[in-house]
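Coordinate inspection notes
Okay, here's what each chain looks like letter by letter:
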Amino acid sequence: MMRTAAVIGCGDVSAVHFGAISASPGIELAAVCDPDLDRRSAAVAHHGVAAYEDYETLLDAVHPDVVHICTPHHQHAAMAIAALERGINVILEKPLSHTLAGGKRLVQAAARSSARIGVCFQNRYNAPVQAMASLLGDGGLGAVTGAAGTVMWSRTPAYYLDRPWRGQWSTGGGGLLMNQAIHTLDLLQWLVGEVTEVRGHAGTRALAGVIEVEDTADLSLTHANGARSVFYATLANAVNAPVTLDIYTEKAVLNLRGALTVSYADGRVDVVPEREAVTDGRAYWGASHALLIQDFYRTLDEPGAFWISPSEALKSLRIIKDVYAQSYPAAVPFG
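Please read these numbers as outputs of a predicted model, since none were measured by experiment.

Turning our attention to the packing of helix α5 (residues 100-112) against helix α12 (residues 310-327). At a minimum axis separation of 10 Å, α5 and α12 run at an interaxial angle of 170°. With respect to their mutual orientation, α5 and α12 come out roughly antiparallel. Along the contact surface, α5 presents Leu100, Gly103, Lys104, Leu106, Val107 and Ala110, while α12 presents Pro310, Ser311, Leu314, Leu317, Arg318 and Lys321.

Each pocket or cavity is described by its volume, and for the second largest pocket that value is around 160 Å³. Taken together, Gln189, Glu194, Val195, Thr196, Glu197, Val198, Lys315, Arg318, Ile319 and Asp322 make up the lining of the second largest pocket. Where the lining of the second largest pocket is concerned, the elements lending two or more residues are β8 (195-203) and α12. Of the residues in the lining of the second largest pocket, the class split is three nonpolar, two polar and five charged.

Turning our eyes to something else, we now look at the pairing of strand β6 (residues 117-120). Alternating positions in β6 separate into two faces, Ile117 and Val119 on one and Gly118 and Cys120 on the other, with burial throughout. Handedness of the crossover joining strand β5 (residues 89-93) and β6 through α5 is recorded here as right-handed.

Quick look at the packing of aromatic side chains now. Two numbers describe a pair of aromatic rings. These are the distance of the centres and the angle of the planes. For the structure shown, the criterion picks out eight aromatic pairs. Here the aromatic rings of tryptophan 169 and tyrosine 328 are separated by 4.9 Å at their centres, their planes lie at 65°, and the arrangement is edge-to-face. One end of the pair, tryptophan 169, is in helix α8 (residues 169-172); the other, tyrosine 328, is in the segment after α12, and 159 residues separate them in sequence. Tyrosine 328 matches tryptophan 169 in its accessibility class, with the two residues each being buried. For the ring pair tyrosine 324 and tyrosine 328, a centre distance of 6.2 Å and an interplane angle of 70° mean the geometry is edge-to-face. Using a relative accessible area of 3% as the deciding quantity, one classes tyrosine 324 as buried. For the cation-ring pair, arginine 155 lies above tyrosine 159, with the distance from its terminal atom to the ring centre recorded as 5.0 Å. Seen from the ring of tyrosine 159, arginine 166 lies directly overhead, with NZ or CZ sitting 3.9 Å from the centre.

Moving on: the pairing of strand β14 (residues 269-272). One ladder, built from four bridges, connects strand β13 (residues 259-264) with β14; its direction is antiparallel. Bridging across to β14, leucine 260 finds its partner in valine 272. Between β13 and β14, which pair antiparallel and follow one another directly, the connecting turn spans four residues, one of which, glycine 267, has a positive phi of 100°.

Another point: the environment of glycine 103. Residue position: glycine 103 is located in helix α5. For glycine 103, a relative accessible area of 0% corresponds to the buried category. Expressed as a C-alpha distance, the spacing of glycine 103 and leucine 291, which sit 188 residues apart in the sequence, is 24 Å. Apart from the residues within four sequence positions on either side, glycine 103 is in contact with Leu96, Ser97, Leu314 and Leu317.

Attention now goes to the nonpolar core. Across soluble globular proteins, you tend to see nonpolar side chains buried next to one another. Core analysis: the largest hydrophobic core is formed by 105 residues, its most contacted members being Val90, Leu96, Leu177, Leu219, Phe231, Ile247 and Leu254. In terms of residue count, the dominant contributor to this core is α12 (seven residues). Non-local contacts of phenylalanine 231, meaning those with residues more than four positions away in its chain, are made with Gly149, Thr150, Val151, Leu177, Ala181, Thr184, Leu185, Leu188, Ala217, Asp218 and Leu219.

Conventions and cut-offs
- Residues numbered from 1 in each chain as written.
- Predicted model: local features only at pLDDT ≥ 70, side-chain atom pairs only at ≥ 80, totals over all residues.
- Heavy atoms only, no water.
- Axes fitted to C-alpha atoms, helices over the stretch in contact; angles between N-to-C directions.
- Helix = DSSP H or I, 4+ residues; strand = E, 2+ residues; numbered from the N terminus.
- Parallel < 35°, antiparallel > 145°, perpendicular 65-115°, else oblique.
- Contact = heavy atoms within 4.5 Å.
- 1 Å grid on protein atoms, 1.4 Å probe; cavity = no way out; pocket = protein on both sides within 12 Å on 5 of 7 lines; lining within 4 Å.
- Points joined across faces, edges and corners; volume = space filled by probe spheres on them.
- Nonpolar A, V, L, I, M, F, W, Y, C, P; charged D, E, K, R; others polar.
- Buried < 20%, exposed > 50% of the residue type's maximum accessible area, 1.4 Å probe, protein only.
- Right-handed = clockwise from strand over helix to strand, strands pointing away.
- Phe/Tyr/Trp six-rings, centres within 6.5 Å; stacked < 30°, edge-to-face > 60°.
- Lys NZ or Arg CZ within 6 Å of the ring centre and 35° of its normal.
- Pairing = 2+ DSSP bridges.
- Core = buried A, V, L, I, M, F, W, Y, C linked by side-chain atoms within 4.5 Å.

Listed below in structure tokens is the structure:
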């Protein structure tokens, strides 16, 4: 069955969505939308489809089977809700919303709608992460005793000057945690277990005067199983270093550094390599956007919610907003 797709937002991350659509048999790109004339014109020139300035006009005129939402954070919830209310399926870039209230509204809209929605936490599809989930899920490693993660990346002032929405509470809903580190926080809460307590602090170390949101944060998370995870992230590093995720269990230590290394208590060591990422030269986006998108289309006719649903995506958003409440009382309106 041929499915029609539309992409709303033709900025940076839309490239991986366009690529996944064009590489997937049975999916036809029908339309694009962007209020920026230059981006809209470039998308038309490249893809040869109808273009719209207004997303609601696109939804009503084209009514695609699936709409991909690749816009700034503050537009996510309203656009996704509008699509769901029309019975249009949604693939939504993270985060769920720039506010917790918006995220909750989207969860409610998804529960009311006959359409499906998936949120792009594509790192869950990475081969080493899938291996971690399998090893932890079958119980053979014993109880999880703790975990640690880092995201040590670099962003320049130009990154924010090029897209000013990224550095503002009202449009980004936050900085480093909302835009970069959210993927690793999602993995921590998914692999280790439900988070019951958050202790953290966020601040601006390298980009003060350029952004009003954070570029550095440290967290301590308590999980329902009693384990504690610690997390550090910054955009003040000299380079985009590999994300790290270490999970300690009774019978093994799992170390993620691109590839996964599993060191067992009996001395055995297993390695699970990662797929190569070829995404507009931005390896930090990961290799699995296309896998998530293809899985979403493949399971469209299955009953129930997509497995990375708004309810699932709300978990990492809650963690981040908890840190902001502890660190930025003045940012509560965007909490």
